[in-house]
Amino acid sequence: MVQIPNQSAQPAPARRPVPTSADVARLAGVSRATVSYVLNNTSAVRISEPTRRRVREAAEELGYVPHAAARSLRAGHSRMVLMPAPTIPVGPLYHQFFAELQSELGRLDYTVVQHGSVGLHGDEAARAWAELRPVAVLVPGSGLGPQGVAVLKRAGARAVFTLGPERVEGAHALLMNHDRVGRCAGAHLLSAGRRSVGVVMPEESGLEIFSRPRLDGVRQALSDTDATVTELPLAYEEEAAARLAARWRSLGLDAVFGYNDEYAMLLMRALQDEGVAVPDETAVVGADDLMLGRLLRPRLSTVRLDLPSGRDLAELVDRAVREPGAEPETHEVLGARVVHRASS
């Protein structure tokens with residue numbers, strides 16, 4: 001047993017007083033109002049750049065930061081935009097999208113907070129979000145209902161946005177209809193002369209909101225033709241891909257839409273290991289247009305997703321916050337187009 005030696009108690013160092021805006025004003029030689037205008041990025045008042053620089057340098061020297069709660073009281077609302085962490089697996093494309101959106105909201109002087117609602121879903125999660133009193137909430141995926149939207153608005157949220165396949169009453173809808181991803185892939189394979197198309201269906205929990213619409217999109221593209229569609233459940237594991245590849249020729253498929261680039265690359269490697277020639281025996285198409293797909297041989301054909309720019313979406317959030325009484329808007333925000341490469 002290790003003994004921890006007793007140490008003589010040392011007197012606690014004297015705590016330095018918390019710097020205030022008055023301290024910054026004295027050091028910078030300006031009024032407290034000027035400090036507030038500069039540090040809150042107020043554009044309605046013209047302040048020279050040398051004065052702004054002097055105020056920022058004084059605040060940095062003193063270690064002063066504005067008090068968010070006090071600023072919220074003065075404004076009548078917070079500047080916090082809450083973005084619940086996705087409860088489903090999302091790939092690099094969406095991470096990049098959310099990072100850009102967060103940066104652009106910061107440029108508009110909002111504080112973006114990501115909230116991990118572990119174990120909470122739908123309207124129950126909305127009550128947890130409401131406790132933080134955000135001015136706006138952007139909810140990825142599905143599950144939030146009209147009751148949850150009402151809870152958020154009663155707690156002071158001026159705007160609630162959903163990013164998913166369906167509209168929710170009371171919320172602004174940013175519709176991401178993934179069936180068009182499948183339609184693009186299916187139409188491309190059909191035009192390449194493929195008639196027996198497999199569609200990978202990930203077994204990861206939560207991905208159904210993407211995979212089912214993509215499957216439906218492939219079916220729509222091949223309807224009224226002699227082509228067939230076969231569902232291919234697949235776990236994201238090398239062993240699972242190898243098992244599927246081992247029975248590939250018995251399935252009679254001449255093409256596969258791999259759900260996304262990651263699943264397509266996993267399966268294509270397994271098919272090649274099994275001696276199935278790509279694209280001669282089987283054409284392969286993914287989605288997301290990841291860099292890694294361009295480094296494979298053959299290079300991976302893919303469906304490139306076009307998402308809204310972070311700046312456009314941030315400005316939409318800002319407008320909704322400034323006009324809380326406006327009718328909820330609906331925007332189709334997911335575009336898709338095929339990038340044809342050697343794998344198909």
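Along each chain, residue indices are assigned from 1 in the same order as the chain's sequence is written. Only residues with pLDDT of at least 70 are given local features in this predicted model, and only at 80 or more are side-chain atom pairs given and counted; all residues enter the totals for whole chains, interfaces and linings. Remark: hydrogens and water are excluded; side-chain values derive from all non-hydrogen atoms of the structure.

## Let's talk about the environment of Q114
Consideration 1: Strands here mean DSSP runs of E at least two residues long; helices mean DSSP runs of H or I at least four residues long; both are numbered from the N terminus. The residue Q114 is located in strand β2 (residues 111-115) in this model.
Consideration 2: With 29 residues separating them along the chain, Q114 and A85 place their C-alpha atoms 5.9 Å apart.

## Some points on the confidence of the model for the protein chain
Consideration 1: Across the protein chain, pLDDT averages 87, with 88% of residues at or above 70.
Consideration 2: Least confident of the elements in the protein chain is helix α4 (residues 68-75), whose mean pLDDT is 53; most confident is strand β8 (residues 255-257), at 98. Looking at any residue, its pLDDT shows the predictor's confidence there, from 0 to 100.

## Considerations on unusual backbone geometry
Excluding glycine, most residues fall at negative phi; most peptide bonds, likewise, are trans.
Consideration 1: The peptide bond linking V278 to P279 adopts the cis configuration, its omega dihedral lying at 10°.
Consideration 2: By the element assignment, P279 lies in the loop between α12 (261-273) and β9 (283-287).
Consideration 3: For the bond from R297 to P298, the omega torsion is 0°, close enough to zero to count as cis.
Consideration 4: Phi at D109 takes a positive value of approximately 70°, unusual for a residue other than glycine.
Consideration 5: Looking at the element boundaries, D109 is found in the loop between α5 (92-107) and β2.

## Observations concerning the sheet that holds β8
Consideration 1: Following DSSP output, two strands are said to pair if at least two bridges run between them. Read across the open sheet, the 6 strands follow the order β7-β6-β8-β9-β10-β12; overall the sheet is mixed. In the strand order of this sheet, the two ends are held by β7 (228-234) and β12 (335-339), each with one partner. Put simply, the sheet's adjacent strands are angled 20° from each other on average, direction ignored.
Consideration 2: When strand β10 (residues 301-306) meets β12, the two strands line up antiparallel, connected through 5 bridges. Residue pairing in the sheet places V303 in a bridge with V338 of β12.
Consideration 3: Contacts were defined at the residue level, with two residues in contact if any of their heavy atoms lie within 4.5 Å. Simply put, an axis is a line fit to the C-alpha atoms, just over the touching stretch for a helix, and the angle between two N-to-C directions goes from 0 to 180 degrees. Along the sheet, helix α8 (residues 179-191) contacts β6 (196-202), β8, β9, β10 and β12; its crossing angle with β12, the most-contacted strand, is approximately 25°.

## Regarding helix α9 (residues 208-222)
One full turn of an α-helix is made of 3.6 residues, so residues set three or four places apart face in the same direction.
Consideration 1: A helix's residues, less one, multiplied by 1.5 Å, set its expected span. With 15 residues, α9 should reach 21 Å at 1.5 Å per residue; the first-to-last C-alpha distance of 21 Å fits that figure.
Consideration 2: Here's how the labels work: a residue is buried when its accessible area is under 20% of the maximum for its type, exposed when over 50%, partly exposed in between, all with a 1.4 Å probe on protein chains only. Among the residues of α9, F210, S211, P213, R214, L215, G217, V218, A221 and L222 are the ones counted as buried.
Consideration 3: D224, located one to two residues past α9, shows a positive phi value of around 60°.

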